[in-house]
Amino acid sequence: MTTLHLAVDRSAGIPIHRQIYEGLRRAILDGRLRPGQQVPSTRALAAELEVSRLPVLTAYEQLLHECYLDGRAGSGTFVSAALPDDLLRSPVPPSARSASSTPPRVRDYGGLGPFRTSLPALDQFPRAQWARLVARHARALTHAEMMYGDPAGVVSLRIAIAEHLRAARAVRCEVEQVLVVSGSQSALRLAAAVLLAPGDRVAMEEPGYPGARAALRAGGAEVVPVPVDEQGLRVASLRRRGRRVRAVYVTPSHQYPLGMSMTAARRLALLDWAFRQEAWVLEDDYDSEYRYVSRPLGALQGMDAHERVIYIGTFSKVLFPAMRVGYLVVPPSLWQRFVDARAAIDLFSPTLYQLALAEFLREGHFARHLRRMRGVYLKRRAALLSGLARHCGDRLTVYNADAGLHVAVMLSPGLDDTAVVQRMAKRGLTAAALSTCYAEPLRRSGLLLGFGGSTERRLLEATRTLGEILRA
């Protein structure tokens, strides 16, 4: 096992998790940690640095998310073998840096080109209304609101979230169960810290959301892939994984990435499995508000009679990602453990946005925005499907377009989706390769094409460009 020499300065004013992240990242870029080399476990590194395990988990999670590290089930964590060559080149000497006027490159986390997944219609957000609410609360902040906040979140926002979830998502909850966090990734990391010990097995949909897989592995869990079909997670396959599975991560209302909804029979079977195994269900309800061929489905949590479901939601997909406000609905038996862990990780979420968002929900702006956006996204979805049929119909097949903000398509045999995505990026298109959502070697080649963040005209133009790339 590699021994790392990282410096942690508690007086530096920089969060410890950031110091660990920067130290590991620099060791990789400088070549002191080589591709394929195993790094210490989070527990071992925490002991070596004489810090708690939480900042190490946070640093590892970010490095896994950015693909500097690769978690392998049952084996440990390794430096990614697929690091781009330009990341591994020798660092520029100080003299050359001082002579250069080139500004530092800023990571764009996927860009804003057509087909970007998980991106809402930022051009349609009611900025003026939001700005008024934020400014109003900024001017009226009391001394108490400027102090350290409640780890569970501002009470007015938790009340508003509970009321919305009961009415719109059929979630069974009270304000005492709602915990505000900084997004679904934060929620998953928190759930893993509370519910799982290193080496515990967590089942996950195959294919599934790579960000969830990274968050669960960062906590030391062994992620076990379970296949999905047109009815959702195959619970019979989950049962065959044995009694050691402590939790399962699912996206039942709109499966990521393929888009199907879990049937009522599968939902009941999954809840029965969780009750009998004394396991937990992590329900990610990430963009369930938008359905185009039927009414929105109720949450799995609302069917749970035995309080085995931890419900996760976010405002990133329905408002804007930079808001960084998400939430969990936690069974009462777990409440104090979640609150204590939340306080240990980063104390509390910023108060100002919570106050503004609470009023945004309470005054009805959120409900009106959702109603309006359903019409906007319906038109953008229609434009995407029309363009695909016109320009790409002989090279791909639409798999599912019933809900959400992206469409899953399957490529013709012989087409490598990762190569297609790279060629698309050179033409200004930002798509995701379906194969990256698989944990096991047997993968399907396809694309995830987001339509939420682009106008109808841009989507039609983008499908024409995609057709040219596929025919080439």
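Residues numbered from 1 in each chain as written. Predicted model: local features only at pLDDT ≥ 70, side-chain atom pairs only at ≥ 80, totals over all residues. Heavy atoms only, no water.

Enquirer: Please clarify how the confidence of the model for the protein chain should be interpreted in this entry.
Expert: Low-pLDDT portions of the prediction should not be read for the details of their coordinates. Residues at a pLDDT of 70 or more form 92% of the protein chain, whose mean pLDDT is 87. Ignoring residues within four places in sequence, the model shows residues 84–109, a span with pLDDT below 50, making 13 contacts including any to other chains. (pLDDT = per-residue confidence, 0-100. Contact = heavy atoms within 4.5 Å.)

Enquirer: It is not clear to me how the environment of Val 223 should be interpreted in this structure. Could you clarify?
Expert: Residue position: Val 223 is located in strand S6 (residues 222–229). Note: C-alpha distance between Val 223 and Gln 62 (161 residues apart in sequence) is 17 Å. (Helix = DSSP H or I, 4+ residues; strand = E, 2+ residues; numbered from the N terminus.)

Enquirer: Even after reading the chapter, I still don't get the sheet that holds strand S1 (residues 38–39), so can you show me in this structure?
Expert: Strand pairing in a sheet relies on backbone hydrogen bonds, with the paired strands running either antiparallel or parallel. With antiparallel pairing, the three strands of this open sheet are ordered in space as S1-S3-S2. Unpaired on one side and paired on the other, S1 and strand S2 (69–72) mark the two borders of the sheet. Sheet topology note: the S1/strand S3 (residues 76–79) ladder contains two bridges and is antiparallel. Counterpart to Gln 38 in the pairing with S3 is Phe 78. (Pairing = 2+ DSSP bridges.)

Enquirer: What's the story with the packing of helix H5 (residues 127–140) against helix H13 (residues 351–362) in this structure? I'm lost.
Expert: The axes of two packed helices give the description: the angle between them and the distance between them. Interhelical geometry of H5 versus H13 gives an angle of 125° and a closest axis separation of 9 Å. In terms of their interaxial angle, H5 and H13 are classed as oblique. Every pair of crossing elements has a handedness; the one defined by H5 and H13 is right-handed. Residue-level contacts link Trp 130, Leu 133, Val 134, Arg 136, His 137 and Ala 138 of H5 to Leu 352, Tyr 353, Leu 355, Ala 356, Leu 357, Glu 359 and Phe 360 of H13. Considered class by class, the residues forming the contact of H5 with H13 number ten nonpolar, one polar and two charged. (Axes fitted to C-alpha atoms, helices over the stretch in contact; angles between N-to-C directions. Parallel < 35°, antiparallel > 145°, perpendicular 65-115°, else oblique. Left-handed = near helix turned anticlockwise from the far one by under 90°. Nonpolar A, V, L, I, M, F, W, Y, C, P; charged D, E, K, R; others polar.)

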